[in-house]
Amino acid sequence: MRIGILTGGGDCPGLNAVIRAVVRRAVVQNGDEVVGFRDGWRGVLDDDALVLDVTATRGLLPRGGTVLGTSRTNPYAVDGGPERLLATLERRGIDALVPIGGEDTLGVARRLAEAGVRTVGVPKTIDNDLAATDYTFGFDTAVGVASEAIDRLHTTGDSHHRVLVVEVMGRHAGWIALHAGMSGGATVVLVPERPFDLDAVVGHCRRRFDSGYSPIVVVSEGARPAGGELVSSSGERDAFGHVRLGGVGVWLAAELEERTGREARAVVLGHIQRGGTPSPFDRVLATRFGLAAADAVHEGASGVMVALRGTDIVRVPLTEATAGLKLVPLERYTEVETFFG
Ligand code: F6P
């Protein structure tokens, strides 16, 4: 059989490890062929693809980004998009698709599966907010980057007696902030799931200064003050309608400077969290997802996503995977709250 593979949405460390694993299992063990579409759904719309074999995927395991390229193209927002997708699959003789992506890419995969295209999704997002899987690859690497940044910021913050606000990624879910904040010993962690009380944040910062140390405030880009709005410095939206976030860190630092009377600076980690080589955990998870996806399509599965449950890789319906996001539950936030101030 001939399998089409693509990577969509924001890139993340481990995408290449998935591509390598799909190709290795499909070509060497299952006797299948693999075609890689460039730049997510854009490559299927435009029939822009290349044949992937073992030689073409050598050296990919530790490499960040995606050799296939990615985009946030939404074929259902393009005139005649679905028809163009089907025409490309027909022309190329593609029997099944393995889209690697988050809620948006997998939402398109679900609709295609419902239209009769054999589709097996692979979950990807550094935000770790996809339902139906315990973890997505890329998340562990992002937490490692953010955690190291917090470690470094402690020493410079303490030296200058200033507040340091660290803005991390996390559009709807605060998993990166939660894990990095807990592992880095943050003074306060602010997540999208729980609109924050600015006075309480000021109080935690003051207590931290009173103890002889300087506060580190970790804030998800999607966090907002109670009764306030999301902060977006650009106001732009992507093809799936998501506003481009970023700016809450700078805004918060200005507020904290004014209210605490101490100097405050913002550090925006941004795409540093998404770039570079994947952590060992992410390499293993991505590899296991790739192997499982290649086997699933070979065995005729469709409308499913491979997922991590405990230590097992399982298949879950794409409808379940895209039904809602996995948000930080209250009890997880309460754990980190113990250390505020
Ligand atoms: O969806 C993953 C993510 O990393 C979000 O945390 C973030 O809001 C978004 O991508 C950034 O997207 P872009 O790289 O397109 O600006």
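Please read all numbers here as calculations on a predicted model, not as lab measurements. (Residues numbered from 1 in each chain as written. Predicted model: local features only at pLDDT ≥ 70, side-chain atom pairs only at ≥ 80, totals over all residues. Heavy atoms only, no water.)

With respect to the environment of G10
Looking at the secondary structure, you find G10 in the loop between β1 (2-7) and α1 (15-29). A sequence separation of 261 residues divides G10 from H271, and the C-alpha atoms of the two residues are 9.6 Å apart. Ignoring sequence-local partners within four residues, the contact set of G10 consists of R72, K124 and R274. (Helix = DSSP H or I, 4+ residues; strand = E, 2+ residues; numbered from the N terminus. Contact = heavy atoms within 4.5 Å.)

Things to note about the pairing of strand β8 (residues 216-220)
Burial analysis of β8 places 5 of its 5 residues in the buried class, the great majority of the element. Residues I216, V218 and S220 of β8 are buried on one face, and the alternating residues V217 and V219, pointing to the opposite face, are buried as well. Sheet topology note: the strand β6 (residues 163-168)/β8 ladder contains 5 bridges and is parallel. What sits directly across from L164, in β8, is I216. Inspection of the sheet shows strand β7 (residues 188-190) paired to β8 by 3 bridges, in the parallel sense. Looking across to β8, one finds that V188 is bridged to V217. Handedness of the β-α-β unit built from β7, helix α7 (residues 198-210) and β8 comes out right-handed. (Buried < 20%, exposed > 50% of the residue type's maximum accessible area, 1.4 Å probe, protein only. Pairing = 2+ DSSP bridges. Right-handed = clockwise from strand over helix to strand, strands pointing away.)

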